[in-house]
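# Coordinates in review
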Amino acid sequence: MHGLMQSWPLTVDKILDRAKTWSASREVVTRSLEGPIVRSTYADIHTRAKKFSAALLAMGIKPGDRVATLAWNTGRHLEVWYGVMGIGAVCHTVNPRLFADQICYIINHAQDRVVIADATFAPFLMQHKDKLPSVERFVILADEDRAGDHPGMIAYETLIAQHAPDAQWGAFDENTAAGLCYTSGTTGDPKGVLYSHRSNVLHTYMTLQADGFGLTQSDTVLPVVPMYHANAWGIAFSAPAVGAKLVMPGAKMDGASIHELLETEGVTFSAAVPTVWQGLLQHLRATKSPLTSLKRVVIGGAACPPALIRAFHDEFGVEVMHAWGMTEMSPTGVFCSMPLELKDASFEDQLPIRAKQGRPLYGVDITLEDDEGQPLPHDGVTFGHLLVRGPSVVEGYYRQAGKVVDERGFFDTGDIATIDHNGMVQITDRAKDVIKSGGEWISSVELENHGVGHAAAEIVAVIGVAHPTWDERPLMIVKLRPGESATREDFLAHMQDKVAKWWLPNDVVFVDDIPLGATGKIDKKALRDQFKDYRFPDCR
Ligand code: ADP
């Protein structure tokens, strides 16, 4: 028997409709690329997004067509998102930090018909436009004056000025594709994750739980995490859904610029990868500045060092919430809320738990398996492959045959983790980075966390290198801080009482630079290439 309730399609256009209707004057503030702060409201964003939809329809864009963006977090980018998704077309957010060849590859793979870009990326597009045969139009997110510097591109402001805000939104199936985001492709070619309206709406409900982002209408939200990095972790949906004020940082993500926005706009909630918060912390300490309105920050995308969580708590009274996810999960997976037994514990007692990635939000199912696919205990000690399933988790990649889930619907995240009896997850490694020594696993992340705690270290990476007796052993690669010196023995002595003896790296080498990938993470693939002929001292 079917229930007798309405089947109200879960489409994202209703999010902005609601913001326009019930939070019309709530502000969306942007640091524009041109420099000045631009103030608009949800009502303005809605009107302009509708005009942009009308412009797309006039260009002949049909449901299912892909429209790409290469853009920073701005009010205009928000308008474009809703303008594209509202008419059933697919908003393809391109990470502009990828290599030129990768950007061309994914625009061609997605067969984008229109590309919309900030002025920052206009020269790149004009230089490569002959390699992008599917693209019929290039739109620059600027007015006519600025567009004049980039022949071949149409000005966004000119385009929307020609249309009335009367395009129809929604009225299609909730499983219709809404967004497309390619993984950064650290292994093989980038893969396209095709979000649906339904998956985005359910992800929005999920992250809004009080044990998740817990946003309310009285929050002021600054997403530093870019809209092209896994949907700004869903904030471009969740903030308007509750009518929170939105502050968009544009192209400037350095400590001083972020601090200025946090203070002048009264930001209460923000989200970014650890390096951004490290930059802010350095700025705050150097300038002896306070944080007067910020209450909570979400840190994810890479492991958050406990020292950062402590610094924000002790020096600024700001709560850091660690989170883990991936593009394939829309992206949120687990979120660090305190288990009941530690809710009232001291910060000191909570810190080791806060440094873990967190517990699954309602809407995500997780489990742990060994190499043979056998279930592993959730004892907080045993580590294995982390598998996930849920309505905002990928089932297959765009234009790639077959499903990428097992018969129970679980997707292998490629991460190695422990899970405890509360569902608390700790990520110990990427599966391809874990070091397999004599049949046992060594966590490269844990060795790196300890290594970077050495006062002379700036960046530390650990990779597995072939060893005739043990299969693989850890090699520690260190970039020292400018002006510092240290030896292999110094690092080994520093590590000695921090990990089991058999975890200690067989060697420590020093380099001038450590390669980073497009999302600012250490590029271990490049490091493995660099050290492919390396031999440990005991094997030479
Ligand atoms: P990419 O692999 O393209 O960088 P994502 O940005 O989706 O794509 O990265 C997802 C991966 O980032 C996860 O599978 C995990 O390895 C890592 N990651 C994300 N958040 C955390 C975290 N809080 N701690 C440790 N690793 C994390």
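See the structure above.
The following refers to the structure shown.

Moving on: the overall build of the chain. Within the chain one finds 16 helices and 25 strands. Relative to the compact-globule value of 24 Å for 540 residues, the chain shows a C-alpha radius of gyration of 24 Å, a close match. Referenced to the eigenvectors of the C-alpha coordinate spread, the extents of the chain come out at roughly 70 × 55 × 55 Å. Both charge centroids of the chain, one from 51 positive and one from 66 negative side chains, sit 3 Å from each other.

Our next topic: a negative patch on the surface. There is a patch of like negative charges on the surface, built from D143, E144, D145 and D149. For D143, the position within the fold is in the loop between β6 (137–140) and α6 (144–147).

A word on the sheet that holds strand β16 (residues 359–360). Read from one edge of the open sheet, nine strands run β2-β1-β11-β10-β12-β13-β14-β15-β16, paired in mixed fashion. Either end of the sheet is taken by a strand with one partner, and the two such strands are β2 (37–41) and β16. In this sheet, β2 lies alongside strand β1 (residues 27–31) in antiparallel orientation, the contact comprising five bridges. In the strand pairing of β2, T30 is matched with V38. Running over the sheet, helix α2 (residues 42–59) touches β1, β2 and β11 (245–248) and is turned about 85 degrees from β2.

With respect to spatial proximity, 17 residues lie near the ligand, and among them S184, A323, T327, D415 and R430 are the closest. In the environment of the ligand, a nitrogen atom lies 3.0 Å from a nitrogen or oxygen atom belonging to the backbone of G301. Measuring from a nitrogen atom of the ligand, one finds a backbone N or O atom of A323 at 2.7 Å. Protein contacts shield 90% of the accessible area of the ligand, which totals 570 Å² for the unbound molecule. Its residues assigned to classes, the shell around the ligand comprises five nonpolar, nine polar and three charged.

Our focus in this paragraph is the packing of aromatic side chains. By the definition in use, this model includes 14 aromatic pairs. Each ring, one from W81 and one from F237, has its centre 5.2 Å from the other, and the planes form 45 degrees; the classification is tilted. Of this pair, W81 sits in helix α3 (residues 75–86) while F237 is found in helix α9 (residues 235–242), placing the two residues 156 residues apart along the sequence. Accessibility assignment for this pair places W81 and F237 in one class, buried. Consider the rings of F491 and F510, whose centres lie 5.8 Å apart with planes at 65 degrees: the pair is edge-to-face. Here F510 lies in strand β25 (residues 507–510) and F491 lies in helix α15 (residues 488–495), a separation of 19 residues in the sequence. Relative accessible area serves as the criterion here: at 0%, F491 is assigned to the buried category. F510 gets classed as partly exposed once you look at its relative accessible area, which sits at 34%. Aromatic ring contacts, followed pair by pair, group W72, F121 and Y228 into a single cluster. For K14, the ring lying beneath its charged end belongs to W8, and the centroid distance is 4.3 Å. Note that K50 overlies the ring of W169, its terminal NZ or CZ placed 4.8 Å from the centroid.

Here the focus is the nonpolar core. Ranked by size, the top nonpolar core spans 145 residues in total, and within it F52, L78, Y82, L125, L246, V298 and F312 carry the most contacts. Counting residues per element, this core draws most heavily on α2, at seven residues. Contact partners of L246, with chain neighbours within four places excluded, come to E27, V28, V29, Y42, L78, V221, P223, I235, A239 and P240. In this structure, I435, L447, A457 and A486 belong to the second largest nonpolar core, which totals 18 residues.

Bringing the pattern of salt bridges into the picture now. Proximity of charged atoms lets side chains of opposite charge pair with each other. Scanning the entire structure with this criterion turns up 28 salt bridges. Here E448 and K524 are joined by a salt bridge, their closest N and O atoms 2.7 Å apart. Highlighted residues: E448 in helix α14 (residues 444–451) and K524 in helix α16 (residues 524–530), separated in sequence by 76 residues. A relative accessible area of 8% places K524 in the buried class.

So, on to the sheet that holds strand β19 (residues 411–419). One open sheet accounts for four strands, arranged β17-β18-β19-β20; its pairing is antiparallel. A single partner strand is all that each edge strand has here, and the edge strands are β17 (365–369) and β20 (425–430). In this sheet, neighbouring strand axes are inclined to one another by 45 degrees on average, regardless of whether the strands run parallel or antiparallel. Pairing between β19 and β20: five bridges, direction antiparallel.

Next up on the list: the environment of S238. Within the secondary structure, S238 is located in helix α9. Residue S238 is classed as buried on the basis of its relative accessible area of 0%. Through-space distance from the C-alpha of S238 to that of H197 is 13 Å; in sequence the pair is 41 residues apart. Not counting the four nearest positions on each side in its chain, S238 is found in contact with T204, T207, L208, F213 and L215.

Glancing now at the packing of helix α8 (residues 197–207) against α9. Running from amino to carboxyl end, α8 crosses α9 at an angle of 65 degrees, the nearest separation of the two axes being 9 Å. It follows that α8 is roughly perpendicular to α9 by the angle criterion. At the point where α8 passes α9, the crossing takes the right-handed sense. Facing α8, whose interface residues are N200, T204 and T207, α9 presents F237, S238 and A241. When its residues are assigned to classes, the contact of α8 with α9 shows two nonpolar, four polar and no charged.

Calculation notes
- Residues numbered from 1 in each chain as written.
- Predicted model: local features only at pLDDT ≥ 70, side-chain atom pairs only at ≥ 80, totals over all residues.
- Heavy atoms only, no water.
- Helix = DSSP H or I, 4+ residues; strand = E, 2+ residues; numbered from the N terminus.
- Rg over C-alpha atoms; globule rule 2.2 N^0.38 Å.
- Lys, Arg positive; Asp, Glu negative; His and termini not counted.
- Charge placed at Lys NZ, Arg CZ, Asp CG, Glu CD.
- Patch = residues over 30% accessible without salt bridge, like charges linked within 9 Å, V, L, I, M, F, W, Y side chains within 5 Å.
- Areas by Shrake-Rupley, 256 points an atom, 1.4 Å probe, with all protein chains shown as cover.
- Salt bridge = Lys/Arg side-chain N within 4 Å of Asp/Glu carboxyl O.
- Pairing = 2+ DSSP bridges.
- Contact = heavy atoms within 4.5 Å.
- Axes fitted to C-alpha atoms, helices over the stretch in contact; angles between N-to-C directions.
- Near = heavy atom within 4 Å.
- Polar contact = N/O pair within 3.5 Å; in protein donor to acceptor, adjacent residues only side chain to side chain.
- Nonpolar A, V, L, I, M, F, W, Y, C, P; charged D, E, K, R; others polar.
- Phe/Tyr/Trp six-rings, centres within 6.5 Å; stacked < 30°, edge-to-face > 60°.
- Buried < 20%, exposed > 50% of the residue type's maximum accessible area, 1.4 Å probe, protein only.
- Lys NZ or Arg CZ within 6 Å of the ring centre and 35° of its normal.
- Core = buried A, V, L, I, M, F, W, Y, C linked by side-chain atoms within 4.5 Å.
- Parallel < 35°, antiparallel > 145°, perpendicular 65-115°, else oblique.
- Left-handed = near helix turned anticlockwise from the far one by under 90°.

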